[in-house]
Each structure stands twice: as C-alpha cells, then as structure tokens.
Amino acid sequence: MQTTAVILSAPRKLGLGTVGITPPTGDDIVVEIRYSGISTGTEKLFWSGDMPPFPGMGYPLIPGYEAAGEIVEAGSDSGYRAGEHVFVPGANCYQGAFGLFGAAAQTIVTKASRVTRIDRGHGAGGALLALAATARHAMAGPNKSVPDLIIGHGVLGRLLARLTIAAGAPAPTVWEMDPVRMTGAEGYQVLTPETDMRRDYTSIYDASGRGDLLNDWIGRIAKGGEIVLAGFYTAPLQFAFPPAFMKEARFRISAEWTADDMTATRALVENGTLILGDLITHEQPAATAPAAYETAFSDPACLKMILNWGTA
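Residues numbered from 1 in each chain as written. Predicted model: local features only at pLDDT ≥ 70, side-chain atom pairs only at ≥ 80, totals over all residues. Heavy atoms only, no water.

## Focus: the pairing of strand β12 (residues 201-206)
Inclusion rule: Relative accessible area decides the class of each residue, using a 1.4 Å probe on protein chains only: under 20% of the type maximum gives buried, over 50% gives exposed, and in between gives partly exposed. Counting from the N terminus, the helices are the DSSP runs of H or I reaching at least four residues and the strands are the DSSP runs of E reaching at least two. When DSSP finds at least two bridges between two strands, those strands are taken to pair.
Burial within β12 is extensive, with 5 of its 6 residues counted as buried. By the bridge criterion, 3 bridges tie strand β9 (residues 149-151) to β12 in an arrangement that is parallel. From the neighbouring strand, I150 faces β12, where its bridge partner is Y205. The sheet contact formed by β12 and strand β13 (residues 221-229) spans 5 bridges and is parallel. Paired with Y201 across the bridge in β13 is I221.

## Points about the packing of helix α2 (residues 129-139) against helix α3 (residues 155-166)
In helix packing, the relevant descriptors are the interaxial angle and the interaxial distance, both defined with respect to the helix axes. Rules: The axes used here are C-alpha line fits, helices contributing only the stretch in contact, and every angle between their N-to-C directions lies in the interval 0 to 180 degrees. Geometric relationships in this document are graded by angle, where less than 35 degrees denotes roughly parallel, more than 145 denotes roughly antiparallel, 65 to 115 denotes roughly perpendicular, and other angles denote oblique. It is the rotation of the near helix from the far one that decides the hand of a crossing: anticlockwise by less than a right angle makes it left-handed, clockwise makes it right-handed. By the convention used here, residues are in contact when the closest approach between their heavy atoms is within 4.5 Å. Amino acid classes used here: Ala, Val, Leu, Ile, Met, Phe, Trp, Tyr, Cys and Pro are nonpolar; Asp, Glu, Lys and Arg are charged; the rest, including Gly, are polar.
Interhelical geometry of α2 versus α3 gives an angle of 55° and a closest axis separation of 9 Å. Considering the angle they form, α2 stands oblique to α3. Handedness of the crossing formed by α2 with α3: right-handed. Residue-level contacts link L131, A132, A135, R136, A138 and M139 of α2 to V155, L156, L159, L160, L163 and T164 of α3. The residue makeup of the contact of α2 with α3, split by class, is 10 nonpolar, 1 polar and 1 charged.

## Details of the pattern of salt bridges
Test applied: We count a salt bridge whenever a side-chain nitrogen from Lys or Arg sits within 4 Å of a carboxyl oxygen from Asp or Glu.
Counted according to the given criterion, the structure contains 15 salt bridges. We note a salt bridge from K111 to D28, for which the minimum N-O separation is 3.3 Å. Residue K111 is located in strand β7 (residues 107-111), and its partner D28 is located in strand β3 (residues 28-38); the two are separated by 83 residues in the primary sequence. Residue K111 is classed as partly exposed on the basis of its relative accessible area, which comes to 35%.

## Notes on the nonpolar core
Convention followed: Throughout this description, the term nonpolar core refers to a set of buried Ala, Val, Leu, Ile, Met, Phe, Trp, Tyr and Cys residues connected via side-chain atoms within 4.5 Å.
Ranked by size, the top nonpolar core spans 81 residues in total, and within it Y94, I108, L159, L160 and Y293 carry the most contacts. For this core, the leading source of residues is α2, giving 8 residues. With near-sequence residues (within four places) excluded, L159 lies in contact with L131, A132, A135, L274, L276 and L279. Counting residues in hydrophobic clusters, the runner-up holds 14 residues, among them L149, I204, L214 and W217.

## Focus on the environment of T110
As for its placement among the helices and strands, T110 is situated in strand β7. As a C-alpha pair, T110 and D212 span 102 residues in sequence and 39 Å in three-dimensional space. Not counting chain neighbours up to four residues away, the residues in contact with T110 comprise D27, D28, I29, G90, A91 and V115.

## Digging into the packing of aromatic side chains
Filter applied, for reference: Two aromatic rings from Phe, Tyr or Trp, using only the six-membered ring of Trp, form a pair when their centres are within 6.5 Å; if the ring planes differ by under 30 degrees the pair is stacked, by over 60 it is edge-to-face, and anything between is tilted.
Inspection of every chain in the model, using the stated rule, returns 6 aromatic pairs. Ring centres of W47 and F297 lie 5.1 Å apart, and the angle between their planes is 50°; this geometry places the pair in the tilted category. Of the two residues, W47 is situated in helix α1 (residues 42-48) and F297 in helix α7 (residues 289-298); the sequence distance between them amounts to 250 residues. By relative accessible area, which is 9% here, F297 ends up buried. Plain terms: the ring middles of Y65 and F101 are 5.4 Å apart, the flat faces sit at 55° to each other, and that makes the pair tilted. Residue Y65 is found in the loop between α1 and β4 (67-74), and its partner F101 is found in the loop between β6 (94-95) and β7; the two are separated by 36 residues along the sequence.

Here you go:
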C-alpha cells in the first residue's frame, strides 16, 4: 500500500511525495482523508527547525494532527464500518518517514481507538476537533478556572473565548496586537494591551506562545491570580520574581487533550453549541501544499489553512 503525503524532508523543505503504508490489521481502519489542517504552532516549529528535541522527532516527517475523512476499510475488530466519517488525530503508519503527527496524507491506516466519529456535514470544520479539545482541556477539570483574559486572537484564543461563553461564564477580554486579527469576536471584546486598564484578572490564558511577555501578564493579575500557559514555548521561560511574589502568582501549563476532552468537545460541536467551520480562512488543494504551508506560516490573515485532498 502507498499514499500521497506531505513530506517535510528537512527544515523548510516540504513537498508532496509517495510513501509506503503498513497493511491494516483487525483493529485498524483505513481512512481516505478529505481535509487536513495546518498548525501554526508545533508544525511551524518543525518546518522552521526551531522545535526543541521532542520524542519521536526526526526527518523525513509527515506533519498534521488535524484531519477528517471517510473510512474505506474497517477491520473486523475495529467497531467501525466503511462509509463512516471520522476525525483523525494523526497516524504512524508510514514506511521510511516519521509519523509523529502523520495526518497530512491522502490515505492512512490507524488504530480504530484513535479516531472519533463526526458528522460529515461539518466538512472541513471537522478537522479542527483536536484544537477545540485542546482548548477545552485547558479549561475543564478539577482546580481549573475559565479565563477572564486571553492573550492572542488566533484560532486557539477564539476557541477559548467561545468555550468560556458556552460554559455560561462571563465573557472574557482578549488581547490582540495585529489589527487584522482583532475582528471576528462574537460576545466578547478584543483590545490592545495598552487600551486595557484592568489590573485584577484572576485567570490569564496565553494562546500566543509569547513567553517573553510573562512579566506583562504578571502585572495584570489580582493577588493569587493564575497564568495558564496554553501555547508552546521553545525558549526557557523566565520572569522577575518580586512582582510575582507580591501577587502570589500561580502558573499552570496546559498540555494535550484527553479522551474525555474529545468526547465533550464532539458533543458541543454536534449539538451546534461550538462552531468550528468559520475559523477556517483559507483552503487549498493538497497539490499546492508547499505554497499552502508558506501562507499558513507567514500570512497573519490566515487563521487556519486547510488542505483539500479531494474525493478518493
């Protein structure tokens, strides 16, 4: 078996190629991918060569952890059937290439336990399910609070704001510096930091990855306030201790989504409480992948780029 896939052969060297894929077993499914998303966080770091050492990292690498498609073959022990539409968080089925993420391919083989059924009517928006579950993971669970300030109005920041409102909590404030990204808010306010006079936020969520601004955020929390690091940071994080000491600041790192997050997020998407499709600003055929990745990583107006793999 073979498939066409996006192959990152070295930093800044990306193109389409053909790779072998492992044959499926009884608990595997074969999925023809319809849509795959491009992450401007971790995938950009692999593309640029700035990603710190990471388990399973290496080149050539097939990127992508956001994909949706149709099952074309289902193993007897999979619990699925051909024709079902699923979200796929990646695959490691390739011969001669690392599948650390592995969703940016036309055909993949994966364990059935890794995918999630989703209505095909969501179209390309179904590929954003993992990012939404990541936002939900940052907010939900014991000893967690929803944000009252969000740093960054990209896709993750918008999802955090939407989930906060969906939870019935007060609308958060969002900070954004780029005028292009300040639009599109529904039910919450987007400000530049210098126009926001508030200094008593209880829970600040960073969705920008700008760890160099940590001191600025500490100056905006109330005593005992929390800063949640929901981005991905390549450089060591540091801050001035005295202001944090005076505020008795708390810091929390949010990591990957869990199965419970995915189940809850899927329910929100399926019942219409959480909309994903309108977060997609760009879509290109998979054949133009090199240009699509360049646009996703360099154009501030591109919130989310989707590769369209066409019909199988």
